[in-house]
Amino acid sequence: MRVEEFDYQLPPELIAQVPVERRDLSRLMVLHPDGKVEHRIFHHIVEYLSPGDALVINDTRVIKARLIGRRKDTHGRVEVLLLSEIQPAVWEALVSPGRRVKSGVEISFGEGELIGHVIAKTESGGRQIRFSLGSDSEKAKIHEVLEKLGSVPLPPYIKRPLEDGERYQTVYARHEGSVAAPTAGLHFTPELLERIRKMGCRVIPITLHIGIGTFRPVKVEMVEEHKMHEEHYFVSSEAADAINAVKSAGGRIFAVGTTCVRVLETCAKNGCIEPGTGATRLFIYPGYQFKMVDAIITNFHLPRSTLLMLVSAFAGREKILKAYEIAIEERYRFYSFGDAMLILS
């Protein structure tokens, strides 16, 4: 299967630059198994849920992963995007300009408050950076300084600065570790989640920390040749038990976002979810047989992306691309701050 089969043309003005004023007032396209499309508002999602169903959410929180510093030798500007902490005070990161930042380079952040020592180049072209404090090398304080000096990284297609950084976090974000938000969850408000609970639908949190794969385009010609970057997840025993109870009682599993889909499908064994901490490289594309997920709540994804391939695996490529054509005709807003889609099976 060729990557170009997942291409489409999007007018640039449909790329949402800011979130809607109220989270649950974004538009919602509902895609039924027969290809029928409905146009709703996001808070109408309750009409498609039933008592006994489960809404599975990703409670990861985006870290302030973007740092701007200066080389200590040339004073040249360096941008650093933190990806994951390999060991205490040592991070894998993307750097720009990358070619000039070699092993041995030291980068100063915040007038020397934080020092980054480039110690290695990674296989994926990033860097390993060891951080220390200019006046105090106590490791426990490094996270506090990173939080103070860093900023939340927005996707490159969002050109406007975000006035309120919390609008790029879900209302249920708890566990820090992502470099991008699980954007399907941005549409939920505390009030909407409470309505869903009161109607007898379980709201179950799991965690997947979104990593470098979000920023990496699919560069191969054939879909099957693409390799996913590793991302770390955690499913508690309580969450696994709750999901398994819903499934065994005949309830449906609504996955909020492709991140939840990948965790649920990674942890599905013999019809049940196994709890635990781990890493996944699961790449879902057409031909994949789903084991656990019955419906997906998601946003509208970039052309040729692994996310578009995942929803195409769930609903069928032709149905998804037709739905995207309709979304463009109806002037839906696309990508991270855009509108939502509910895909039913």
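Data block above holds the structure.
Residues numbered from 1 in each chain as written. Predicted model: local features only at pLDDT ≥ 70, side-chain atom pairs only at ≥ 80, totals over all residues. Heavy atoms only, no water.

A. Just the sheet that holds strand 1 (residues 27–31), in detail. Within the open sheet, the nine strands sit side by side as 2-1-19-18-14-3-12-13-17. Their pairing is mixed. Two strands close off the open sheet at either side, each with one partner strand: strand 2 (37–41) and strand 17 (276–280). Averaged over all pairs of adjacent strands, the angle between strand axes in this sheet comes to 25°, irrespective of strand direction. The strands touched by helix 6 (residues 317–329) are strand 1, strand 2, strand 18 (295–299) and strand 19 (340–344); relative to strand 1, the strand with the most contacts, the crossing angle is about 150°. (Pairing = 2+ DSSP bridges. Helix = DSSP H or I, 4+ residues; strand = E, 2+ residues; numbered from the N terminus. Axes fitted to C-alpha atoms, helices over the stretch in contact; angles between N-to-C directions. Contact = heavy atoms within 4.5 Å.)

B. Expanded view of the nonpolar core. If you look at the biggest cluster of nonpolar residues, it comprises 68 residues, and the most contacted ones within it are Leu264 and Phe334. Here this core takes seven residues from helix 5 (residues 306–315), the largest share from any one element. Residue contacts for Leu264: discarding those within four places in its chain leaves Val56, Ile206, Ile243, Ile253, Ala255, Ile273, Met292 and Val293. Core analysis: the next-biggest nonpolar cluster, separate from the first, contains 26 residues, Ile63, Leu67, Val80 and Val105 among them. (Core = buried A, V, L, I, M, F, W, Y, C linked by side-chain atoms within 4.5 Å. Buried < 20%, exposed > 50% of the residue type's maximum accessible area, 1.4 Å probe, protein only.)

C. Local environment of helix 2 (residues 190–198). Every buried residue belonging to helix 2 is among Leu192, Leu193 and Ile196, and all of these are buried. All buried residues of helix 2 project into a common sector of 100° when viewed along the axis, lining one side. Relative to its buried face, helix 2 has exposed residues pointing more than 90 degrees away, namely Glu191 and Lys198. Among the structural elements, strand 3 (54–58) and strand 12 (202–208) are those in contact with the buried residues of helix 2. Of the residues flanking the end of helix 2, it is Gly200, one or two places downstream, whose phi is positive at about 95°. (Arc of directions from axis to C-beta.)

D. Summary view of the packing of helix 4 (residues 258–267) against helix 5. For the pair helix 4 and helix 5, interaxial distance at closest approach is 11 Å and the crossing angle is 65°. Between helix 4 and helix 5 lies a crossing whose hand is left-handed. Across the interface between the two elements, Thr258, Val261 and Arg262 of helix 4 pack against Leu307, Leu310 and Val311 of helix 5. A class-by-class count of the residues in the contact of helix 4 with helix 5 yields four nonpolar, one polar and one charged. (Left-handed = near helix turned anticlockwise from the far one by under 90°. Nonpolar A, V, L, I, M, F, W, Y, C, P; charged D, E, K, R; others polar.)

E. Region of interest: the packing of aromatic side chains. Taken as a whole, this structure holds 14 aromatic pairs when the rule is applied. Between Tyr8 and Phe334 the ring centres are 6.2 Å apart and the planes differ by 40°, which places this aromatic pair in the tilted class. Of this pair, Tyr8 sits in the segment before strand 1 while Phe334 sits in the loop between helix 6 and strand 19; the two residues are 326 residues apart in sequence, bridging distant segments of the chain. Each member of the pair, Tyr8 as well as Phe334, carries the same accessibility label: buried. Relative to Phe337, the ring of Tyr168 lies with its centre 5.9 Å away and its plane at 80°, an arrangement referred to as edge-to-face. Of this pair, Tyr168 sits in the loop between helix 1 (142–149) and strand 11 (175–178) while Phe337 is found in the loop between helix 6 and strand 19, placing the two residues 169 residues apart along the sequence. For the pair Tyr168 and Phe337, one class covers both residues: buried. Following the ring pairs from residue to residue traces out a cluster consisting of Tyr8, Tyr157, Phe300, Tyr324, Tyr332, Phe334 and Tyr335. Taking the ring centre of Tyr332 as reference, the NZ or CZ of Arg27 above it sits at 3.9 Å. (Phe/Tyr/Trp six-rings, centres within 6.5 Å; stacked < 30°, edge-to-face > 60°. Lys NZ or Arg CZ within 6 Å of the ring centre and 35° of its normal.)

Any link to function would need more than the numbers given here.
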